[in-house]
Amino acid sequence: MSRQENETGWIRRVGPWLGIGTSPAALMMGGGVADGLEGARLIVALVLGGVALCALAVAQGMLGQHRRRPVRELTWGPLGTEGSRRIASVVILAMMFGWFAVNVGVAGAATGQLLGVPERIGMVVFAAGMLAITWRGIGALSWAALATAAATVVLAAWGLHLAAARHGLAITSSRTATEPGSILTGASLVVGFGAAFALRTPDFTYELQRRSQVLLCGLVGLLAPIVAFGIAGAALLAATGTWNLADVLTTLGSPTPAYLFLAIGFAGSVMTNLYSGALSLCDAVPSIPHHAGLVVVAVGGTAAAASGFADHMIGYLVVMAIAAPTLGILCLIAWRAEPDPGRRWRPGGIAAWAFAASVGVVLHTAGSGGAAAASVTIAALLGFVAVGRVGQTSQPSSLTRRTHGDRHG
């Protein structure tokens, strides 16, 4: 690889990060934080949460880059090879299936409006387009996500300009902090928003050449846009009573840009959901080839979206948002030293993950804003005691070898 390619190679993989950071759901996250906070405290919460999320995502991405392994091969560190395949991969698959269904439900309905067809047909068309791109491999996915993220930023900026001209924008109004909360609660909401992606960043970094490239992906693709979109969502809520830019644009007489914003804005995250979901499915059921896995996730997730099942997934996605960072912390702890042969099952790591995640879910159910922070802290404390040390191999992982022919760029 040339020096220039070594310095700019991160651009080839920043697309998936931007797909999360510029998702319309990031506006929802900002609006959610603004429900409890306003003014300077709102900004502090968004920045603090963004930094924490970025740190988790970059640390996990650097682990994948250093060990040359995607997440499905890193989780055998704390859980064992069989524990990883039978537990972690199933959980990650459920996570990706749920997010795929939720995102396709919204973006597909917008696609239907754009095409003048029923919403369910719009979902099928949208999902088929995302499958066609992801089918070509991680390279095509990354470049497409980068392009759609750029278009989303342009549409968001234009929409905010229209909203500001009509309503004015601020981060304090009678509509903000209607349910006062703490900065920790607001920051935890930001972390929870991107927790699933933070766990699976190795899927998009294991081929990068340097750790600095992972850091650039995190800063440019995740931290900056998440804070910016979070502030935008909070400002929209303060000015209009809703974080939903598409609704604001429709009210202002611009329905077509509104639907474009939703359809294009969710494209990057949907493709990453599809890609990681297929990897997890193929790990859980080795007899399924990668492309078949893509089809299974796409068809199943689209059917869930079309049936309206996605509307009932929010509670379970909250649980996944707690489970993801706790597993990520255990991966970082498990891979901190030189290699050992590994074991099929690591009961200590499985118990640590289950206990930490359970405490987080109980605290969340009780209304605690520090549920995610508590579960991660518990996982870290238990991990150093319960997780045996594993390490790297100098050889590329089996997935790396198998997918060289599945990359385009």
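Residues numbered from 1 in each chain as written. Predicted model: local features only at pLDDT ≥ 70, side-chain atom pairs only at ≥ 80, totals over all residues. Heavy atoms only, no water.

1. Comments concerning the nonpolar core
So the rule is basically this: By nonpolar core is meant a set of buried Ala, Val, Leu, Ile, Met, Phe, Trp, Tyr and Cys residues that side-chain atoms within 4.5 Å join together. The buried label applies to any residue whose accessible area, calculated with a 1.4 Å probe on protein chains only, is under 20% of its type's maximum; exposed applies above 50%, and partly exposed to all values in between. Note on conventions: DSSP H or I runs of at least 4 residues are helices, E runs of at least 2 residues are strands, and numbering of each starts at the N terminus. By definition in these notes, contact holds between two residues if any of their heavy atoms fall within 4.5 Å.
By size, the foremost hydrophobic cluster in this structure holds 82 residues, and its most contacted members are Trp17, Val33 and Val104. Ranked by residue count, the leading element in this core is helix α12 (residues 211-240), at eleven residues. Setting aside residues up to four positions removed in sequence, Val33 forms contacts with Leu42, Ala45, Leu46, Gly186, Leu189 and Val190. In terms of nonpolar packing, the next biggest core, distinct from the first, is built from 27 residues, Val71, Leu330, Trp353 and Ala379 among them.

2. Concerning the pattern of salt bridges
Just so we agree on the cut-off: Salt bridge, as used here: a side-chain nitrogen of Lys or Arg that lies within 4 Å of a carboxyl oxygen of Asp or Glu.
Per the counting criterion, the structure on display carries five salt bridges. A salt bridge links Arg69 to Glu73; the shortest N-O distance between them is 3.1 Å. Across the pair, Glu73 and Arg69 agree in class, each one buried. Here Glu82 ties to Arg85 by a salt bridge, and the two come within 3.2 Å at their closest N and O atoms. In this pair, Glu82 and Arg85 both sit in helix α7 (residues 81-115), three residues apart, roughly one turn of the helix. Arg85 carries the same exposure label as Glu82, and that label is buried.

3. What to know about the environment of Ile322
The topology assignment puts Ile322 in helix α17 (residues 314-334). Ile322 sits 52 residues away from Ala374 along the chain, and the two C-alpha atoms are 9.7 Å apart. In this view, Ile322 contacts Ala357, Gly360, Val361, His364, Ala371 and Ser375; residues no more than four positions away in its chain are not counted.

4. A closer look at the packing of aromatic side chains
Our working rule: In summary, the pairing rule links any two rings of Phe, Tyr or Trp, Trp by its six-membered ring, whose centres are within 6.5 Å, and it sorts them by plane angle into stacked for under 30 degrees, edge-to-face for over 60 and tilted for everything else.
Following the criterion strictly, the structure yields four aromatic pairs and no others. Ring geometry for Trp17 against Phe197: centres 5.4 Å apart, planes inclined by 80°, an arrangement best described as edge-to-face. On the criterion of sequence distance, the pair formed by Trp17 in helix α2 (residues 15-21) and Phe197 in helix α10 (residues 183-199) is long-range, its members being 180 residues apart. For the pair Trp17 and Phe197, a shared accessibility class is recorded, and that class is buried. Three or more aromatic residues joined by ring pairs form one cluster here, namely Trp17, Phe197, Phe204 and Tyr275.

5. What about a nonpolar patch on the surface?
Definition in use: Two joining distances apply to patches: 9 Å for like charges and 5 Å for nonpolar side chains (Val, Leu, Ile, Met, Phe, Trp, Tyr), and every residue must have over 30% relative accessible area and no salt bridge. Each accessible area value is a Shrake-Rupley result obtained with a 1.4 Å probe; residue values ignore everything except the protein chains displayed when judging cover.
A surface patch of nonpolar side chains, amounting to about 380 Å² of accessible area, comprises Leu114, Leu115, Ile121, Val125 and Leu260. Among the secondary structure elements, those contributing two or more residues to the nonpolar patch are α7 and α8 (119-135). Residue placement: Ile121 occurs in helix α8. The class for Ile121 is partly exposed, based on a relative accessible area of 43%.

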